[in-house]
Amino acid sequence: TKPTDTGLDWTSCSPAQPRGENLPFECATLQTPLDYAKPDGDRMPIALIRTRATGKNARIGSLIFNFGGPGGSGVEILPGLASAYAKLGTRYDLVSFDPRGVGESAPVTCLDDRKTDAQAAADATPETPAEIAEMTRLRQEFIAACEKNSGRVLPYVGTANAARDVDRIRAALGEARTYYFGMSYGTFLGGAYAHRFPAKVGRAVLDAAVDPAASPEEGSLEQAGGFQLALGNFAAACVKQAGCEFGSTRAAVLAWVGNLLKRLDGTPLRTSDPDRMLTESLGVTGIIAPLYSEPMWPQLAQALTMTRSGDGSGLLALADSYLGRDDQGHYSNELPANTAINCADSKERYTPADVQRALPRFRAVSPVFGDSLAWGIMGCTDWPVTGDNAARDVSAASAGPIVVIGNTGDPATPYASAGILARQLGSGVMVTLKGEGHGAYNTGNVCIQKVVNDYLLDGVVPAKGVVCD
């Protein structure tokens, strides 16, 4: 079938790509309603990018990607990852987009770079009333900046609206059905889409599944356990090698990392940037970042080794990469967009008393990350938009089969979430990878890639309970 674009003016664009990527990309902007309750009112521009199917005779349609976040820019991410989906690109146009509030789609902007540096470094595990008051002041400074710079769009950036945008994208691409590949947060968006448009779901893969029904507290608790598991697996791998310098047992390595973070809470480490110290918060972020991908574990080991000689530069670089900070000190809008979308997607607003009540559970699940993730549930407290839980309903029993993939070692979207998502969809077909890292298809596991490629390219629905290792 040949695409019949409606309302899209595609122009050649050359986004930054790794060397060796020479696929031609096109960009376009789709105008959607800012407020779907007022379809003829103000518009929300949705930035799109695609590369055309390379096998001209066997084109199936457009495969729409969301790579996660919330807050990840599909326009930026697709060019760097397109080669990983080259097999799918033989029969699909590979398409991605910046969800509303992200990247080039009316981006949510809050603080300037210097103030964002200060926020990222600030104490995220307050222990005294004065520290709690300072955390509150910083949060309110951030929120005031978001409201001042992006107040017009904040009420409309939630996932339910993003799902409606996906259907507008489908129609504008001239497709009868939505072929979809969502990772991490993209699985939540995919579930929200399937619930609203079950008859329009074509072939869909949801990889690194989010638990759609979890409250922010439950989701953070699940993540705390996931990061602790991944750090334990990193520790076990270190101990297997000769001369793991952080301890001779898994437990000893975990204790060493925990003690490092405790020391940073009191005494930050110098870095190669004289204006920036490695604080406990940046240390936590720098440790979490490489846990997403097993090939990055050696970088984590190297960064931890550097701290032994008083140098926090390695962990700071890992934290900066995770937070979207470039070498010039500029931040992407991923963090503000992440907050705005999460706060639009949840009614819950937590108090310091709620955190104090939750802390024992968080610490039990994760001695290393529990405190910071527990305090993190206050991210939407005082947010100017009420928020709702509409996107959490993903029931879509009448949709065609939706492949849901969970990775047993996934730190960010723990494995149990995949089974929950598959059941709540009512049309989910669960596939398991016994592996490490965030996501499954992108690990290069041959078995997982075959399952997904057979399904998306040939419509072969995997048997229930497929396990790859």
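Everything discussed here concerns the structure shown above.
Since we're looking at a predicted model, the values are computed, not measured. Within each chain, residues carry numbers counting from 1 in the order of the written sequence. Selection of residues for local features in this predicted model requires a pLDDT of at least 70, selection of side-chain atom pairs for listing and counting requires 80 or more, and totals for whole chains, interfaces and linings are taken over all residues. Just so you know, side-chain values use all the structure's heavy atoms and leave hydrogens and water out.

J.: Looking at this model, I keep getting lost on the nonpolar core. Mind explaining?
T.: Soluble, globular proteins show a tendency: their nonpolar side chains are buried together. Judged by nonpolar contacts, the single largest core of 59 residues is most densely connected at W383, I402, V404 and L425. Helix and strand assignments come from DSSP, with helices taken as H or I runs of at least 4 residues and strands as E runs of at least 2, each series counted from the N terminus. Here this core gets six residues from one element, more than from any other, and that element is helix α5 (residues 185-196). Contacts between residues were defined by any pair of non-hydrogen atoms, one from each residue, lying within 4.5 Å. Ignoring anything within four residues of it in the chain, the contact list for L425 reads G191, A194, L206, V394, S395, A396, A397, I402 and V404. We define the nonpolar core as a collection of buried residues of types Ala, Val, Leu, Ile, Met, Phe, Trp, Tyr and Cys that are connected through side-chain atoms lying within 4.5 Å of one another. Whether a residue is buried, partly exposed or exposed follows from its accessible area with a 1.4 Å probe, protein chains only, as a fraction of its type maximum: under 20%, in between, or over 50%, in that order. By size, the runner-up hydrophobic cluster in this structure holds 50 residues, among which are L221, L359, I377 and A412.

J.: For this particular structure, what's the right way to read the state of the cysteines?
T.: Such a bond, covalent and formed between the sulfur atoms of two cysteines, is termed a disulfide. Disulfides are defined in this document as cysteine sulfur pairs within 2.5 Å. Evaluation of the coordinates by the stated rule reveals five disulfides. A sulfur-sulfur distance of 2.0 Å marks the disulfide that ties C110 to C146. Looking along the S-S bond of the C110-C146 disulfide, the torsion reads about 110°, which is the right-handed sense. Of this pair, C110 sits in the loop between β5 (92-97) and α2 (113-121) while C146 sits in helix α3 (residues 129-150); the two residues are 36 residues apart in sequence, bridging distant segments of the chain. Here the two residues C110 and C146 agree in accessibility, since each one is buried. Ordering the disulfide-forming cysteines of the chain by sequence position, one finds them joined as 1-2, 3-4, 5-6, 7-8, 9-10.

J.: Explain the packing of aromatic side chains to me, please; I cannot follow it from the model alone.
T.: Two aromatic rings, taken as a pair, are described by how far apart their centres are and by the angle between their planes. Stacked, tilted and edge-to-face pairs are distinguished by plane angle, under 30 degrees for stacked and over 60 for edge-to-face with tilted covering the rest, among Phe, Tyr and Trp rings (Trp via its six-membered ring) whose centres lie within 6.5 Å. Scanning all chains against the criterion turns up 15 aromatic pairs. Note on F227 and Y292: the rings are 5.9 Å apart at their centroids and 45° apart in plane angle, and the pair reads as tilted. Placement of the pair is F227 in helix α6 (residues 216-240) and Y292 in the loop between α8 (280-291) and α9 (297-308), with a sequence separation of 65 residues. An aromatic cluster is defined as three or more aromatic residues linked by ring pairs; in this entry it consists of F65, F67, Y85, F181 and Y441. Whether a charge sits over a ring comes down to the Lys NZ or Arg CZ being within 6 Å of the ring centre and within 35 degrees of the ring normal. The ring centre of W10 lies 4.0 Å from the NZ or CZ of R50, which sits over that ring.

J.: Can you help me understand the pattern of salt bridges in this one?
T.: Between side chains of opposite charge, a pair can form as their charged atoms come close. By definition here, a salt bridge exists when the distance from a side-chain nitrogen of Lys or Arg to a carboxyl oxygen of Asp or Glu is within 4 Å. Here the structure, examined in full by the defined rule, presents 23 salt bridges. A salt bridge links D42 to R152; the nearest nitrogen and oxygen atoms lie 4.0 Å apart. Here the residue D42 occupies a position in the loop between β2 (25-33) and β3 (43-51), and R152 occupies one in the loop between α3 and α4 (159-172), the gap between them amounting to 110 residues. Under the relative-accessibility criterion, D42 is labelled partly exposed at 49%. Several salt bridges share partner residues, and in doing so they unite E26, R50, R52, R59, D93 and E175 into one network.

J.: Is there a simple way to think about the packing of α6 against α9 in this case?
T.: When two helices pack together, you describe them by how their axes are tilted relative to each other and by the distance separating the axes. For every element, the axis is a line fit to its C-alpha atoms; helices are fit only across the contacting stretch, and the angle between N-to-C directions ranges from 0 to 180 degrees. Where α6 meets α9, the axes come as close as 11 Å, and the angle between the chain directions of the two elements is 80°. Viewed along their axes, α6 and α9 adopt a mutual orientation that is roughly perpendicular. Contacts between α6 and α9 involve A230, N233, F234 and A237 on the former and, on the latter, W297, L300, A301 and L304. Class assignment of the residues belonging to the contact of α6 with α9 gives a composition of seven nonpolar, one polar and no charged. When an angle is under 35 degrees it counts as roughly parallel; over 145 it counts as roughly antiparallel; between 65 and 115 it counts as roughly perpendicular; any other value is oblique. Residues are grouped as follows: Ala, Val, Leu, Ile, Met, Phe, Trp, Tyr, Cys and Pro are nonpolar; Asp, Glu, Lys and Arg are charged; all remaining types, including Gly, are polar.

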